[in-house]
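Single-letter residue listing:
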Amino acid sequence: MELRWEEIIPSVGSLKTDPLLYSEKAYLLLPDSKGENRFMVVSTPTARKFYIASDSLRNMERLRAFFFRVYGMVSQESSPPEGYNHHVVMQNSRRNGKIGEFYHPRFLRNLTDLGNIGQEMESVYMVSIRSGPSLRKNTRFNFTARLSFMDLHKMISVSDILNSEIKAIKKRHGWKFRMGRVHNTADNFLSDPTNLINFVRIPAESDFVV
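Anyway, here's the lowdown on the structure attached to this text. (Residues numbered from 1 in each chain as written. Predicted model: local features only at pLDDT ≥ 70, side-chain atom pairs only at ≥ 80, totals over all residues. Heavy atoms only, no water.)

## Topic: the overall build of the chain
(1) Moving on: Along its length, the chain carries five helices and eight strands.
(2) Moving on: From first element to last, N terminus to C terminus, the chain shows the α and β order β-α-β-β-α-β-β-α-β-β-α-α-β.
(3) Moving on: Here the chain holds 210 residues, and 49% of them are scored as buried.
(4) Moving on: For the chain, the share of sequence-separated contacts (at least 6 apart) that also reach a separation of at least 24 residues comes to 81%.
(5) Moving on: A total of about 10,900 Å² of accessible surface is found on the chain, and carbon and sulfur atoms cover 48% of it. (Helix = DSSP H or I, 4+ residues; strand = E, 2+ residues; numbered from the N terminus. Buried < 20%, exposed > 50% of the residue type's maximum accessible area, 1.4 Å probe, protein only. Contact = heavy atoms within 4.5 Å. Areas by Shrake-Rupley, 256 points an atom, 1.4 Å probe, with all protein chains shown as cover.)

## Brief notes about the sheet that holds strand 6 (residues 123-132)
(1) Moving on: With antiparallel pairing, eight strands are arranged side by side in an open sheet as 4-1-3-2-6-7-5-8. This sheet does not close on itself; its edge strands, each paired only once, are strand 4 (73-77) and strand 8 (177-179). In this sheet, adjacent strand axes meet at a mean angle of 25° when their direction is disregarded.
(2) Moving on: In this sheet, strand 3 (residues 48-54) lies alongside strand 2 (residues 36-43) in antiparallel orientation, the contact comprising seven bridges. The partner of valine 42 across the bridge, within strand 3, is lysine 49.
(3) Moving on: Contacts from helix 2 (residues 57-71) reach strand 1 (4-10), strand 2, strand 3 and strand 4 within the one sheet, and its direction differs from that of strand 3 by about 145°. (Pairing = 2+ DSSP bridges. Axes fitted to C-alpha atoms, helices over the stretch in contact; angles between N-to-C directions.)

If you want it as structure tokens, here you go:
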């Protein structure tokens, strides 16, 4: 089934993340077995826009429910902008499946705030979540994160920021990304969606930590 895109829009003033509430509802982010969900942030010097996509109506309904319950956001059918053809892809190491629950707000906050470092800087941050078959009760899944740019030189100019964030999350929590193209990435070696808070979230200047 073709991916259906919707823009998610704030309906309340505060978009701070409550990790406890996120943890309770994180299962809604996972698609059915062999399905795919996406979360996208389009950053420009003047605004950030948020989009979700899925390959099935059921999975889209669950995505809508997550962002409404956790952030009070509503959605409307809309296609994200095109033309961001230069990519940096981040893939999970298998050992990430053994890492316990943690919260590292700066990774997502900084990678979706690149529009503020230059007047013409535009970027797209996108996470693709896939679920695989599992004999266990909990859904097994994996995700890739991708930064995209219209201009190759702009992508190169922020490589130090990206490398810094990847090193920081590895040093602080042990989470390791491999860089490169996606080739038959395994979709079943993560089991706890709670840690998606670090990669699929509406970033705020100061997130609520308990």
